[in-house]
Amino acid sequence: MKSLRVKTQSEYEVTITDSLAAFTEKVSLLIKGDLVAVITDSNVDGIYKNEIENSLTGKKVIKFVVPAGEESKNVENYLKILNGLADNGFTREDTVITFGGGVVGDLGAFVASTYMRGIKLIAVPTTLLSMVDSSVGGKTAINLEKGKNLCGTFYQPSAVYINTGFLKTLPKKEVLCGLGEILKYRFISKDAKIDISKIDEDLIYKCLKIKADIVSKDEKESGKRKLLNFGHTFGHAIEKLSHFTIPHGICVAKGIVYALKISEKYFGTSEKVRKDYILTAENLGIDVSCEYDLNELISLISIDKKRSGKGADFVLIDDKFRPEIVNILLSEIKGYIL
Ligand code: ADP
Ligand code: ZN
């Protein structure tokens, strides 16, 4: 078992283990009220029907199951769950547990952050992507018609419990998405020595340690936290251009190729870094090629929320292999790539 502390305004512990007993022990210390809401999706509920409830002995558990898939991160489900909490008499003494991937994590955390101005939240991520990324850092969100994650808050959980055992049932495709995001961590912290040959407690711990350290210094993404967006400027544009048919982690993996390409002209970073990266990704089974038109990608970057002023923020890798946040004029991006 490994654990780490995230030192945001409200500090919390992340536990990484393969035992459910550790969960029971932690939650019994954390949960004070009698009521617990478990927010999950149809797939996770189908596989782990009673897993979480059984470890909440003595509590009254109300379960909210949303259909699996990104579409569930909507206003209707948000209101449905809020009303469900109110109907069941939840107060600020009670607890919300999110049990699932990023969809359930984002939606459930947004519910927790707004119900009675904030109710206790325990995150139990079940996808590799949410284990190494979205479960830590306090971003909550739902989607609006105009776009993904347009409505949300920063709200830290009281605890994050990661059980690597849940990964056993995760489809290969979802594992690859997580790996895409893990590849990012290798660039933003070369000292961490992230070994991707085995997906285990150690790998998840190392990724989250990087994230926790960054988030602890910059909770609201005004500076250093932007490093976590490595590969995301182009990644988000690819995601949008694919109409979200290419999963997020894979888009990030593709976006990293662009970031490295730009780094070559901007910093004189060796081309070998990019070539090695492509090989590593391909060996994992991640397709990092991108067929989309560069002009279209850049025009999408120009309307992205990461844009600032006349330029867009990029995380690049300099010639000493250090990550740097740089702002590049939209009109100049193309010149760095061609
Ligand atoms: P993320 O945003 O973290 O990639 P999602 O919430 O979109 O995750 O989940 C991706 C898919 O994986 C969904 O279909 C979800 O139901 C499914 N899923 C999540 N956790 C597991 C698990 N441990 N085993 C099997 N399927 C899972
Ligand atoms: Zn991401």
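Whatever comes next refers back to the structure up there.
So, here is what we can say about the structure in this document. (Residues numbered from 1 in each chain as written. Chains lettered and ligands numbered in written order. Predicted model: local features only at pLDDT ≥ 70, side-chain atom pairs only at ≥ 80, totals over all residues. Heavy atoms only, no water.)

**Quick notes on the coordination of the zinc ion (ligand 2)**
Six octahedral donors around a metal ideally sit at 90 or 180 degrees from one another, while four tetrahedral donors ideally sit at 109.5 degrees. Within the protein, the zinc ion (ligand 2) binds to Glu181 (OE), Glu181 (OE), His232 (NE2) and His248 (NE2); these donor distances fall in the range 2.0 to 2.6 Å. Around the zinc ion (ligand 2) sit four donor atoms, and with donor-metal-donor angles ranging over 51 to 133 degrees the site reads as irregular. Mapping the donors of the zinc ion (ligand 2) onto the primary sequence gives the spacing E-x50-H-x15-H. A residue pair is termed long-range when its members are at least 10 positions apart, and Glu181 in helix H7 (residues 172-188) and His232 in helix H9 (residues 232-241) qualify at 51 residues. Pair check on accessibility: Glu181 and His232 agree, each one buried. (Donors = N, O, S within 2.8 Å, 3.2 Å for Na, K, Ca; no water. Tetrahedral: all angles 85-135°; square planar, octahedral: opposite > 155°, others 65-115°. Helix = DSSP H or I, 4+ residues; strand = E, 2+ residues; numbered from the N terminus. Buried < 20%, exposed > 50% of the residue type's maximum accessible area, 1.4 Å probe, protein only.)

**Quick look at the nonpolar core**
Core analysis: the biggest nonpolar cluster contains 88 residues, and Val14, Phe234, Tyr277, Phe314 and Ile333 have the highest contact counts within it. For this core, the element with the most residues is helix H10 (residues 248-267), which contributes ten residues. Core analysis: the next-biggest nonpolar cluster, separate from the first, contains 22 residues, Ala37, Ala109, Ala112 and Ile142 among them. (Core = buried A, V, L, I, M, F, W, Y, C linked by side-chain atoms within 4.5 Å.)

**Quick notes on the pattern of salt bridges**
In the structure shown here, the tally under the stated rule is 23 salt bridges. For Lys148, the salt bridge identified is with Glu70, shortest N-O distance 4.0 Å. With Lys148 in strand E8 (residues 147-151) and Glu70 in the loop between strand E4 (60-66) and helix H4 (75-87), this residue pair connects regions lying 78 residues apart in the sequence. Between Arg274 and Glu271 there is a salt bridge; the shortest N-O distance is 3.9 Å. Linking Arg274 with Glu271, this pair stays in helix H11 (residues 271-284), spanning three residues, or about one helical turn. Glu271 gets classed as partly exposed once you look at its relative accessible area, which sits at 41%. (Salt bridge = Lys/Arg side-chain N within 4 Å of Asp/Glu carboxyl O.)

**Quick word on the side chain of Thr40**
With respect to the helices and strands, the residue Thr40 is situated in strand E3 (residues 35-41). Here Phe99 takes part through its backbone oxygen, which lies 2.8 Å from a polar atom of the side chain of Thr40. Setting aside residues up to four positions removed in sequence, Thr40 forms contacts with Asp45, Lys63, Phe64, Val65, Val66, Phe99 and Val104. (Polar contact = N/O pair within 3.5 Å; in protein donor to acceptor, adjacent residues only side chain to side chain. Contact = heavy atoms within 4.5 Å.)

**Focus on the packing of H10 against H11**
Closest axis-to-axis distance for the H10/H11 pair is 9 Å, and the angle between their directions is 165 degrees. In terms of their interaxial angle, H10 and H11 are classed as roughly antiparallel. As for how H10 packs across H11, the hand of that crossing is left-handed. Here H10 contributes Ala253, Ile256, Val257, Leu260, Lys261 and Glu264 to the contact with H11, which in turn contributes Glu271, Val273, Arg274, Tyr277 and Ile278. (Axes fitted to C-alpha atoms, helices over the stretch in contact; angles between N-to-C directions. Parallel < 35°, antiparallel > 145°, perpendicular 65-115°, else oblique. Left-handed = near helix turned anticlockwise from the far one by under 90°.)

**As for helix H1 (residues 20-30)**
Restricting attention to buried positions, one finds in H1 the residues Ala22, Phe23 and Val27. The buried residues of H1 occupy an angular sector of 120 degrees when the element is viewed end-on, so they sit on one face. Opposite the buried face of H1, by more than 90 degrees, sit the exposed residues Ala21, Glu25, Ser28 and Leu29. The inward-facing, buried residues of H1 contact strand E2 (12-17), helix H3 (51-54), strand E5 (95-100), strand E6 (120-125) and strand E9 (159-163). At the N-terminal boundary of H1, the capping side chain belongs to Ser19, with an oxygen 3.3 Å from the backbone nitrogen of Ala21. (Arc of directions from axis to C-beta.)

**With respect to the packing of aromatic side chains**
Applying the stated criterion to the full structure yields twelve aromatic pairs. Judged by centre distance (6.2 Å) and plane angle (65 degrees), the rings of Tyr48 and Phe99 are edge-to-face. Note that Tyr48 is positioned in the loop between helix H2 (42-47) and H3 and Phe99 in strand E5, a separation of 51 residues in sequence. Taken individually, Tyr48 and Phe99 each receive the classification buried, so the pair is uniform in this respect. Here the aromatic residues Phe187, Phe230, Tyr277 and Phe321 are joined through ring pairs into a cluster of three or more. Cation over ring: Lys184 sits above Tyr185, and NZ or CZ is 4.8 Å from the ring centre. (Phe/Tyr/Trp six-rings, centres within 6.5 Å; stacked < 30°, edge-to-face > 60°. Lys NZ or Arg CZ within 6 Å of the ring centre and 35° of its normal.)

Note that every value here comes from positions in space, so none of it alone points to a role or purpose.
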